[in-house]
Amino acid sequence: MTLQLQSDVSLKPYNTFGVDVRARLFAEARTDEDVREALAYSAQNRIDLLVLGGGSNLLLTGDVDALVLRMASRGIRIVHEDCDRAIVEAEAGEPWHPFVQDMLAQGLAGLENLSLIPGTVGAAPMQNIGAYGVEIKDVFHSLVAMDRLNGELREFSLQDCAFGYRDSVFKHQTGRWMILRVRFALTFAARLHLDYGPVRQRLEEQGIKDPTPVHVSKAICAIRSEKLPDPAVLGNAGSFFKNPLVPADVAARIKQAHPGLVTYPQPDGQVKLAAGWLIEQAGWKGFREGDAGVHALQSLVLVNYGSASGHDLLNLAQRIQADVLERFGVTLEMEPNLY
Ligand code: FAD
Ligand code: NAP
């Protein structure tokens with residue numbers, strides 16, 4: 001067995017909330033064989049298996065009575081190239097933002113709006129990560145995952161992944177698919193998406209008239225750094241709630257009572273409500289109780305000021321959910337995965 005198993009390991013360094021819980025067993029998987037060994041160990045010893053990437057989209061609510069397998073496989077390769085585009089394959093354990101920077105350095109466009117998102121390549125398809133009007137489904141080619149039920153490898157096409165708003169087939173079959181590597185279709189000529197939030201304005205302020213993907217990436221990194229807490233300084237898992245999608249008549253009804261409601265009509269007729277606005281209006285922005293709080297600049301982000309437990313953070317999230325439901329009749333869905 002090449003897999004190095006450790007017992008009773010603190011997961012504090014492995015989750016961006018910095019919650020201090022312990023794993024019964026912990027190992028790092030660098031190869032497909034390691035993942036296969038972990039699966040076999042889990043089956044033979046009747047111990048659950050929890051796959052971890054960068055731990056930036058989960059909330060650990062207690063000690064984890066499982067084998068926690070951190071994906072640490074590395075490798076990036078171009079598997080196909082023609083004059084317009086390249087298909088790039090990256091191993092699950094590759095850190096996301098350095099991968100984006102690597103692609104930009106090679107003159108490959110498509111990932112620039114997804115700059116500075118924490119985590120790993122392997123976790124990116126889980127919730128179809130998105131930012132500034134781009135989601136990975138827009139540049140996704142295919143992926144390879146191991147089926148936990150029988151250890152077999154399976155290829156997933158774009159269609160197979162059933163990507164939706166912060167959603168995919170993998171979110172609905174929790175723990176079944178261990179994503180080993182992901183392929184992206186990136187282009188040499190850029191089709192930039194600038195009309196979202198302050199991206200275009202930021203580029204104009206910098207006097208950039210003909211932006212490249214690298215300019216866009218830098219602008220987005222700057223905007224994000226000003227607004228979002230750095231998990232290395234203040235524990236958080238990014239947006240704690242998804243922006244709710246509601247039917248147009250429901251949005252209109254809420255807007256009648258609350259004219260300031262921030263709404264984004266969707267192509268399918270639904271309306272996206274800015275969850276951050278709802279939480280802020282309910283008075284939670286900057287709230288703190290013990291070490292659990294709501295970030296002062298972005299009310300979608302729950303923060304750990306030091307020693308908040310997963311329960312403290314979950315309790316706060318549930319209070320916010322109940323309050324928003326009572327005031328606006330809107331159910332906020334939590335985004336991070338709870339364990
Ligand atoms: P983890 O938190 O380790 O895991 C998340 C889930 O995926 C868990 O259920 C885990 O079991 C599963 N998983 C992990 N790896 C694998 C694998 N290889 N195979 C199968 N299952 C796996 N998200 C966005 O969409 N857009 C943003 O702009 C964004 N900004 C963020 C900003 C900050 C400051 C932070 C802290 C988070 C942000 N996030 C954002 C959330 C998060 O970074 C992403 O969802 C990221 O993709 C999670 O990657 P991870 O490796 O940390 O996953
Ligand atoms: P923002 O720009 O202040 O916008 C607030 C909200 O309004 C966002 O949630 C965004 O929805 C929505 N929005 C803004 N412009 C829009 C448009 N033109 N069309 C449709 N919806 C629009 O948001 P922010 O907090 O600074 O985040 C910027 C981007 O990074 C967003 O895309 C956000 O999703 C992403 N982000 C995600 C996380 C996470 O953990 N999931 C954390 C930080 C940032 P969307 O969220 O649907 O884009």
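Now for a quick tour of the structure. (Residues numbered from 1 in each chain as written. Chains lettered and ligands numbered in written order. Predicted model: local features only at pLDDT ≥ 70, side-chain atom pairs only at ≥ 80, totals over all residues. Heavy atoms only, no water.)

Let's talk about the packing of aromatic side chains
Logical step 1: For the structure on display, the rule yields 12 aromatic pairs.
Logical step 2: Where Trp284 meets Phe287, the ring centres are 4.9 Å apart and the plane angle is 70 degrees; that geometry is what we call edge-to-face.
Logical step 3: For Trp284, a relative accessible area of 10% puts it in the buried group.
Logical step 4: The ring of Phe156 has Arg154 lying over it, and the distance from NZ or CZ to the ring centre is 4.2 Å.
Logical step 5: One cation-aromatic arrangement involves Arg288 over Tyr305; the distance from NZ or CZ to the ring centre is 4.0 Å. (Phe/Tyr/Trp six-rings, centres within 6.5 Å; stacked < 30°, edge-to-face > 60°. Buried < 20%, exposed > 50% of the residue type's maximum accessible area, 1.4 Å probe, protein only. Lys NZ or Arg CZ within 6 Å of the ring centre and 35° of its normal.)

A closer look at the pattern of salt bridges
Logical step 1: Taken as a whole, this structure holds 26 salt bridges when the rule is applied.
Logical step 2: As a salt-bridge pair, Glu155 and Arg183 come within 3.0 Å of each other at their nearest N and O atoms. Of this pair, Glu155 sits in strand β11 (residues 153–157) while Arg183 sits in strand β12 (residues 177–187); the two residues are 28 residues apart in sequence, bridging distant segments of the chain.
Logical step 3: Given a relative accessible area of 45%, Glu155 falls into the partly exposed group. (Salt bridge = Lys/Arg side-chain N within 4 Å of Asp/Glu carboxyl O. Helix = DSSP H or I, 4+ residues; strand = E, 2+ residues; numbered from the N terminus.)

Thoughts on the packing of helix α2 (residues 96–105) against helix α6 (residues 213–227)
Logical step 1: For the pair α2 and α6, the least separation of the axes is 10 Å and the interaxial angle reads 155 degrees. What the angle tells us is that α2 and α6 run roughly antiparallel. Seen along the crossing, α2 lies across α6 with a hand that is left-handed. Listed contacts from α6 to His97, Gln101 and Leu104 of α2 are Pro213, Val214, Ser217 and Cys221.
Logical step 2: Here the residues of the contact of α2 with α6 sort into four nonpolar, three polar and no charged. (Axes fitted to C-alpha atoms, helices over the stretch in contact; angles between N-to-C directions. Parallel < 35°, antiparallel > 145°, perpendicular 65-115°, else oblique. Left-handed = near helix turned anticlockwise from the far one by under 90°. Contact = heavy atoms within 4.5 Å. Nonpolar A, V, L, I, M, F, W, Y, C, P; charged D, E, K, R; others polar.)

Re the sheet that holds strand β19 (residues 301–304)
Logical step 1: In spatial order, the strands read β13-β19-β18-β17; together these four strands make up an open sheet with antiparallel pairing. Whereas interior strands pair on both sides, the edge strands pair on one side only; in this sheet they are β13 (235–239) and β17 (288–289).
Logical step 2: Judged from the two bridges that link them, β17 and strand β18 (residues 292–294) form a sheet pairing that is antiparallel. Residue pairing across strands places Arg288 opposite Gly293, the latter belonging to β18. (Pairing = 2+ DSSP bridges.)

Focus: the layout of surface pockets
Logical step 1: Empty space within the second largest pocket amounts to approximately 240 Å³.
Logical step 2: The greatest single-element share of the lining of the second largest pocket, amounting to three residues, is contributed by β12.
Logical step 3: Split into classes, the residues belonging to the lining of the second largest pocket amount to six nonpolar, three polar and three charged. (1 Å grid on protein atoms, 1.4 Å probe; cavity = no way out; pocket = protein on both sides within 12 Å on 5 of 7 lines; lining within 4 Å. Points joined across faces, edges and corners; volume = space filled by probe spheres on them.)

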